[in-house]
Structure formats: C-alpha cells, structure tokens
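Given next are the chains, with one letter for each unit.
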Amino acid sequence: MQRQSSSFTIRHANSRDVGHVSDVLAESFYRSADRQVNFLTRRFTNWIYPLLRWGIVFDLSSRFSEKTPCYVCLVATHSTNQSQAIASLEICMRHVPVKSPHEFWLGHETQQYPYIFNLAVHPQWRRRGVAKQLLLAAEQTVKQWGFSRLYIHVLEDNQAASHLYDRIGYRLDSQEGNMGFWLLGRSRKFLLQKKLD
Ligand SMILES: CC(C)(COP(=O)(O)OP(=O)(O)OC[C@H]1O[C@@H](n2cnc3c(N)ncnc32)[C@H](O)[C@@H]1OP(=O)(O)O)[C@@H](O)C(=O)NCCC(=O)NCCS
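The structure presented is a predicted model; accordingly, all values stated were derived computationally and were not measured.

Chemist: How should I be thinking about the overall build of the chain in this particular structure?
Modeler: When its secondary structure is counted, the chain shows six helices and eight strands. Written out in order from the N terminus, the α and β elements of the chain read β-β-α-α-β-β-α-β-α-β-α-β-α-β. In summary, the chain has a C-alpha radius of gyration of 18 Å against a globular reference of 16 Å for 197 residues, a match within 12%. In terms of its C-alpha atoms, the chain occupies a principal-axis envelope of roughly 55 × 45 × 35 Å.

Right under this line is the structure:
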C-alpha cells in the first residue's frame, strides 16, 4: 500500500519505523507546546520523557511483531526523507456499543469495528494536510477489510483533532467519562463514527 500526494507519501509502517513513530507519538502526546499543563507537570514530564518514549517503543514493537489480523500502522513521510516517519496512525478492531431497541432491558450490545488510535503528526509538520491524508488512507484500508464504518475517540478539549474529524465527516456516536467530568472536572471523551460510502 502506498499513496502519494505532491510531497507526502503514506505507507504501511515496518519495524524500521518504530523509532521515528515513537518520537512522533512522544513529542505529540507528552511534549507538544499545545498541551495545557502546569509548570510542575511539564518539568516532571520532561524528566521522565526517556522512560515514556521507551514505553511507546516497547508497545509499538510488540504490536508490530504480533501479526494481529486487522491491525495496521500507517506512516507519512516527506519526499525529502522517505525513511523518516513524520506522522502516523494505527487501526485495530475494537468493541463498540451498538444502539439496539432492547438495550434498556438487556444492556448495551457491542460489535467489533475498525478503530483508529494514536493519530499524531510531528509538531514541525502540522497544518499541511498530513493528518487528513492519513485518515483518508485509513478509510481505504478499512474498506479493503470489508467494513463500512470507522471509529475514533477524541477528548472534548482537543480542538485541533475535533476540527479535523468534523471536517472530514466524523460524527458523535457516544459520550464517555461523564462521572469524571462532573466530579473531577476532567475532559469528556467522545466516540466518533464515520460511515464510509
Ligand atoms: C490533531 C493533529 C493530528 C492534526 O494534524 P495536522 O496534520 O496538523 O492536520 P491537517 O493539516 O491534516 O488539518 C486538516 C484540517 O483539520 C483542522 N485542524 C487541524 N489542526 C487544527 C488546529 N490546530 N486548530 C484548528 N483546526 C485544525 C483544520 O480544519 C485543517 O484544515 P486547514 O489547515 O485547511 O484549516 C495534530 O495537531 C496532532 O498531532 N496533535 C497532537 C496529537 C493528537 O491530538 N492526536 C489526536 C488524538 S484524538
């Protein structure tokens, strides 16, 4: 699988990408300037950063070597350096609640659907359409697997991601974390769904 735009290429990741993908994830989720955290949390995160990055390397390496059916990691590279991943996302299968007329009596039914996680673009490469390209490539992958729906989670205070998902057609499926929101002021988590044509 390889999709190319003017300057970015999207392809399946391999074990040689683990280091770069881990850098993208660690930078995006632990060190990005967008993260609104206080001074002490930032200092602490910087201090344990090598450990956090090592944890990501370990998890990614395990997922890559497990050869799970319907799991894939897509990476984006720039034409100036085809071997360096600058962005990535992963797709796996996940149980999601399906709405049923009997749910009041029988509780939530769940069904397995493709689910996107760990979408991240290195801070230096943002706002150039890379995430959008990765998400569109993910849709093609999922269609090839025979599915017509795709899910993703977003935290309600992640405005960049919320805008992005809304723009390419993801819609709210359900809301999680209401208790933490009301009691502890934590962000709610939205499960979004996109129906593929
Ligand atoms: C969210 C993220 C993946 C977006 O990546 P990106 O490559 O910059 O996004 P794109 O360039 O493809 O953006 C496409 C559209 O999404 C919206 N968007 C993206 N970033 C935005 C931002 N910071 N603010 C508002 N809208 C934004 C815009 O509508 C944008 O189109 P435009 O640039 O023509 O206005 C990136 O900011 C990131 O890695 N964030 C940290 C990790 C993260 O939050 N991942 C998502 C977990 S749910």
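There's more to say after this.
Chemist: I would appreciate a short explanation of a nonpolar patch on the surface in the present structure.
Modeler: Nonpolar side chains collect at one region of the surface, where Met179, Trp182, Leu183 and Leu184 lie side by side and expose about 570 Å² of accessible area between them. Structurally, Leu184 can be placed in helix 6 (residues 178–184).

Chemist: Looking at this structure, I do not really get the nonpolar core. What am I missing?
Modeler: One broad trend across soluble globular proteins is that nonpolar side chains are buried collectively. The biggest cluster of nonpolar side chains holds 30 residues, and the ones touching the most others in it are Leu74, Leu89, Ile116, Leu134, Leu135, Tyr165 and Tyr170. Only strand 2 (8–12), strand 3 (72–78), strand 4 (81–98), strand 5 (109–121), helix 4 (130–144), strand 6 (149–155), helix 5 (159–167) and strand 8 (189–195) provide two or more residues apiece to this core. By residue number, the principal contributor to this core is helix 4, which donates seven residues. Every residue in contact with Tyr170, bar those within four places of it in the chain, is listed here: Ile116, Leu135, Leu150, Ile152, Tyr165, Leu192, Gln193 and Lys194. Residues Ile56, Leu60, Tyr115 and Tyr151 belong to the second largest nonpolar core, which totals 22 residues.

Chemist: Is there a simple way to explain the site of the ligand in this structure?
Modeler: For the ligand, the set of nearby residues contains 20 residues, the closest of which are Leu119, Arg127, Gly129, Asn158 and Arg167. Ala131 has a polar backbone atom sitting 3.1 Å from an oxygen atom of the ligand. Arg167 is positioned such that a nitrogen or oxygen atom in its side chain is 2.5 Å from an oxygen atom of the ligand. For the ligand, whose accessible area on its own is 910 Å², the fraction buried by protein is 78%. Contributions of two or more residues to the shell around the ligand are made by helix 1 (18–31), strand 5, helix 4 and helix 5. Looking at which element gives the most residues to the shell around the ligand, the answer is helix 5, with six residues. Residues of the shell around the ligand, tallied by class, amount to ten nonpolar, five polar and five charged.

Chemist: Any chance you could explain the pattern of salt bridges here in plain terms?
Modeler: Where charged atoms from two side chains of opposite charge come close, those side chains can pair. Summed over the entire model, instances satisfying the criterion amount to seven salt bridges. Residue Arg11 is joined to Asp17 by a salt bridge in which the shortest nitrogen-to-oxygen separation is 2.8 Å. An identical accessibility class is assigned to Arg11 and Asp17; each is buried. Salt-bridge contacts for Arg171 lead to Asp166; the nearest nitrogen and oxygen are separated by 2.9 Å.

Chemist: What is the right way to look at unusual backbone geometry in this model?
Modeler: Excluding glycine, most residues fall at negative phi; most peptide bonds, likewise, are trans. In this structure, Lys67 is a non-glycine residue whose phi angle is positive, near 55 degrees. Position of Lys67 relative to the elements: it lies in the loop between helix 2 (39–66) and strand 3. Unlike most non-glycine residues, Asn118 shows phi in positive territory, near 55 degrees. Of note, Asn118 is situated in strand 5.

Here is what the cut-offs are and how they apply
- Residues numbered from 1 in each chain as written.
- Predicted model: local features only at pLDDT ≥ 70, side-chain atom pairs only at ≥ 80, totals over all residues.
- Heavy atoms only, no water.
- Helix = DSSP H or I, 4+ residues; strand = E, 2+ residues; numbered from the N terminus.
- Rg over C-alpha atoms; globule rule 2.2 N^0.38 Å.
- Patch = residues over 30% accessible without salt bridge, like charges linked within 9 Å, V, L, I, M, F, W, Y side chains within 5 Å.
- Areas by Shrake-Rupley, 256 points an atom, 1.4 Å probe, with all protein chains shown as cover.
- Salt bridge = Lys/Arg side-chain N within 4 Å of Asp/Glu carboxyl O.
- Core = buried A, V, L, I, M, F, W, Y, C linked by side-chain atoms within 4.5 Å.
- Buried < 20%, exposed > 50% of the residue type's maximum accessible area, 1.4 Å probe, protein only.
- Contact = heavy atoms within 4.5 Å.
- Near = heavy atom within 4 Å.
- Polar contact = N/O pair within 3.5 Å; in protein donor to acceptor, adjacent residues only side chain to side chain.
- Nonpolar A, V, L, I, M, F, W, Y, C, P; charged D, E, K, R; others polar.

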